[in-house]
Structures are given as C-alpha cells and as structure tokens.
Amino acid sequence: MLQTPGLSGKPNGKGNDNLTNEPSLTHIIPLISPKLIAPAEKLEALAETYGTPLYVYSSSIIRQRCQTLAAAFPDLPVSWLYAIKANDNPHILNLIREEGFGFDTVSYEEVLLSVKTGQRPDRIFYTENNMTDQEMLAAVDAGVILNIGSFSRLEQFARLPHTSECSIRVNPQIGDGHHAKVDTGNRDSKFGIRLDLIPEAVAMAASHGVKITGLHIHIGSGIQRPQNLTQAMKVLLDIGRALPDLQRINFGGGFPIPYRENEHPFSIQEFAQAAHPLLAEELDRRNGALVFHFEPGRWVVAPAGLLLTRVNTVKDQGRITFLGTDTGFNHLLRPAMYESYHAVVNVTRAAEPSAEEYTIAGNICETGDILAEDRMLPQTHSGDLLALCDAGAYGMTMASNYNRRSLPTEILIDDQGNDRLIRKREQADEIVDRFLRESFFTP
Ligand code: LLP
C-alpha cells in the first residue's frame, strides 16, 4: 500500500512497519488524501467560518454515486430506493430524490420526513419494525408501501377494514454485515417472517382479502461477501414463484464501502453482472410485470461526507499519545459501537509525511470514547484540523446530545463548489435552555 502523506492507518494493525521510514515517496510527492472530499484549504476555510465539529458533505459525490447505481441495470426495471436512515438531512434527501430515487424508511417519523421533503408516497417503502397500531394506521393513511416483518403484525394489518395489499419481509436465513450487530438476515435475528411460515402468512392474509404484492429481504449492512446477497436473492425469488400477485421484489441494501485504505472496493458492476440473470429470468417468467428494488444507504453517502474536528489537547500518556478533539462518540458513534475504522487525515498538514503514531480521543467522559486508534499522522499540534473520513453515513443520524453537548453543524458543498449551511449547531446556552424548556423546568 502506498502511504499517502497525512493519511493515517496501518493496514495490519500493531507491529506493522512504520511506512514513514520510506521517506522517498512521501517527501517527493505531496499527495493529498483521496478520502478528502474537498481541497485541504477549502476544508480549513470551512472550519474557520463555521467552527468545529463540522460535518461536510459533497453533493457532486452523492449525485455521481446515485448515477452509478442508476446505470447498473440499464435494461431491467430496477427502481432504486435510498435508505434514509444513513443520512436524512433534508437537503441531502432532496438531491437524492432529484436523482430519481425513492426512499426506504423504517419508522413513521422517517415516512413523515420523506413526505414533507417532497417524496411521492408511492415511492416510499416503509419497512416496519415493531410498529404500533397507531403507526400502522398512519402509514396506511399516508399511502406508502407497507412492508411487514412479522406474522402477528401482518394479521393485524390484514384485519383492518380497508387494506388490500402489502409487502412482507422474509428472514432468508442468510445474513452478512460488517459487524454482528448489523447482520439482519441470519435465522436468529429479530427481522423478517420465518421462512417456513411464509406460505401460512400468505394464506392468512388472503383469508382477510389481503394480497401479498411485495417481497423483501435485507440481509445486513456492510456486506462482506456479495455471494451471500445473491444467494439470499435466490431464496427470495424461489418464494416469489408461489405468489401470483407479486408486483415488486426488494433485495434490501447493505452494499459496503472501503473504509480502510487497502480495502478492495465492492464493485456495483460486478454485483450487477451476477444479479442480472436472476432478475432477467424472473422478469421473463412474469412477462415483464415486476419491479425490483435495492435500498442502499451507506454506499450512496458514506464517502461523500467527513467530520472535521480540531485538536485541542496533545497528551503523552507514556505508551500512547492521545490527540484530544472537540468531538466524540456523541457525534460519530461507529468506532465505539462497532469498532469501525474511519481514516483520519490531518487537514492542516495534509501534505506532510506521517511521522508519529496517535490515538484520537473524543471529548466525552468515557474511556471508550476513542475515534481512531494507533494512526500514523504528521507531527500534530493543538489547533490542527482533523478529518474523520467516510462519515457521510450513520454519522449525524446516530449523533446524540450525550454529556448534554450540542450536535455538529452540517455543510453541503454544492455542485458549483459553494458551501451551504444545512444545519446549524446550537450554542451551549441554547441547548441547555431548550432542555430546561422541554423538561418543563422553570428556574
Ligand atoms: N434496508 C433496511 C431495511 C435496513 O435496515 C438498512 C440498514 C438498509 C436498508 C441500508 O443498509 P446500508 O445500505 O446502509 O448498509 N449503524 C450501522 C448500520 C446500520 C444499518 C441498519 N439498517 C453502521 O453505522 O454501520
């Protein structure tokens, strides 16, 4: 692997050679990390203007990724959905909708957000997860495509007086994912209707006059072996054979992105090649009367966003040198939650060679608030700006006010290269006052 100056990361973990011992390349070619979504000077200027912590997204990268997906099955009726849980900033939803994507939603609140940001209800797929009766009724009223993942909920839905069709989520007994916590297709996961109960579920729905017009799987997030997805697709297509009323088959999301610098990227084209014959055959069988969906989230937005944070503390603890930052797992939970890797770039010194090993710590009062471990970076000082890369997905949507801290500001760099404030950080007194108000507390 070529170590890019300013880009941290040791592919083989502890004990790997310090690549900065090879100064020839790093000194001669002042490369800027390919993971930075904008020139380092631009990022410095944004941090200066808007302050840190700051999520920065690139609209052109998001658009380009949408277009890559849209071109994957040129001759098949594939209707792409975007899993809005990955990043639901309204401006980002807008631009993905403009690219022709429908939305995958997993809560009534996400349904409402999709409707209110202009998505057509018939392009909103609502995969319920322990939905309440109220949410069910509201979703029916909203006219979205309801995808039901349990036998008992399907029964309640089928008993409603005015319902005639829905989609069902199947547990294909094939799971995958970057971490056990996000493997959703395995037989012990809470998701989907048990494979052997599907015929009974369909018959039960029919007995109440409800047709199963859709089938769905989502085997997990950050799929490690794409064959698992194609295998699960076969399982779903087999089930579909017995369903005459089928209008749509949704194969879920889960396309991975390479977080590590030496990871082999998942190829949409290779996947499409493997999936094409399966889809084409089924389409033929149904004389073209079928629509296919995929619903990626991460793949669309993760590489299009980064979290900028300032180092305010450099601390030598003997065995570890910590860079203390003004963000933490309240803003980017993935490292603490899944031990996820995010590349780190010292933006201030992006052209300098890596020189020292650092662990990047957050400002949350927990030992586990570590954003990145054992990273080679240029000699870093208090005041330097760091970029946590590939943070466009499951960054801001999983952020919280833990330690009563405010959420980061969000900026979108538009197609012309202009930056736009798309969410403003609350000031310390604003967040505390809001909290007191919401708690009905009068001092
Ligand atoms: N469809 C359904 C029903 C899902 O539950 C998910 C993600 C997706 C689609 C989109 O999956 P994607 O294409 O983004 O992998 N917080 C975790 C990821 C959790 C994903 C949950 N479901 C993370 O940060 O890695």
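From a predicted model like this one, the values you see are computed outputs, not experimental measurements.

Caption draft 1: Molecular detail of the overall build of the chain. Within the chain one finds 13 helices and 18 strands. A compact globule built from 443 residues should have a C-alpha radius of gyration of about 22 Å, and the chain, at 23 Å, falls within 12% of that. In the chain, which comprises 443 residues, the proportion classed as buried is 46%. Restricting the contact set of the chain to residue pairs at least 6 apart, pairs at least 24 apart contribute 70%.

Caption draft 2: Fine view of the domain arrangement of the chain. Once the domains are mapped, the chain shows domain 1 (19–57 + 302–436) and domain 2 (60–301). Computed from C-alpha atoms alone, the centre-to-centre distance between domain 1 and domain 2 is 32 Å. Opposite the 22 residues of domain 1 that make contact, domain 2 presents 22 residues. For the side of domain 1 that touches domain 2, the secondary-structure elements that each account for two or more residues are strand E17 (409–413) and strand E18 (419–423). In terms of residue class, the side of domain 1 that touches domain 2 is built from 13 nonpolar, five polar and four charged.

Caption draft 3: Here's a closer look at the site of the ligand. Surveying the vicinity of the ligand reveals 23 residues, the closest of which are Ser-221, Gly-253, Gly-297, Arg-298 and Tyr-394. Those elements giving two or more residues to the shell around the ligand turn out to be helix H11 (298–301) and helix H12 (334–338). Looking at the shell around the ligand residue by residue, the class counts come to 10 nonpolar, eight polar and five charged. The residues that make up the shell around the ligand include at least three from each of domain 1 (19–57 + 302–436) and domain 2 (60–301).

Caption draft 4: A look at the environment of Asp-141. Looking at the element boundaries, Asp-141 is found in helix H6 (residues 133–142). Note on Asp-141: 9 C-beta atoms within 10 Å, which makes it exposed. The spacing of Asp-141 and Gln-317 is 176 residues in sequence and 58 Å in space, taken between C-alpha atoms.

Caption draft 5: Expanded view of the environment of Val-56. Mapped onto the fold, Val-56 is located in strand E1 (residues 54–58). Along the primary structure Val-56 and Leu-243 are separated by 187 residues, whereas in three dimensions their C-alpha atoms are 45 Å apart.

Caption draft 6: Quick peek at unusual backbone geometry. Omega for the peptide link from Thr-52 to Pro-53 comes to -5 degrees, which places this bond in the cis form. Residue position: Pro-53 is located in the loop between helix H2 (40–50) and E1. Its identity as a non-glycine residue notwithstanding, Asn-403 has a phi of 65 degrees, on the positive side. The residue Asn-403 is located in the loop between strand E16 (385–388) and E17 in this model. With 14 C-beta atoms packed within 10 Å, Asn-403 lands in the partly exposed category. Backbone geometry places Arg-404, a non-glycine residue, at a positive phi of 60 degrees. Within the element layout of this structure, Arg-404 appears in the loop between E16 and E17.

Caption draft 7: Representation of the environment of Asn-403. It is 23 Å that separates the C-alpha atoms of Asn-403 and Asn-89, two residues lying 314 residues apart in sequence. The residues contacting Asn-403, other than those within four sequence positions of it, are Asn-330, Ile-364 and Cys-365.

Reading guide: rules and limits
Residues numbered from 1 in each chain as written. Predicted model: local features only at pLDDT ≥ 70, side-chain atom pairs only at ≥ 80, totals over all residues. Helix = DSSP H or I, 4+ residues; strand = E, 2+ residues; numbered from the N terminus. Rg over C-alpha atoms; globule rule 2.2 N^0.38 Å. Buried ≥ 20, exposed ≤ 12 C-beta atoms within 10 Å, placed from the backbone. Contact = placed C-beta atoms within 7 Å. Domains from an automatic or database assignment. Nonpolar A, V, L, I, M, F, W, Y, C, P; charged D, E, K, R; others polar. Near = placed C-beta within 6 Å.

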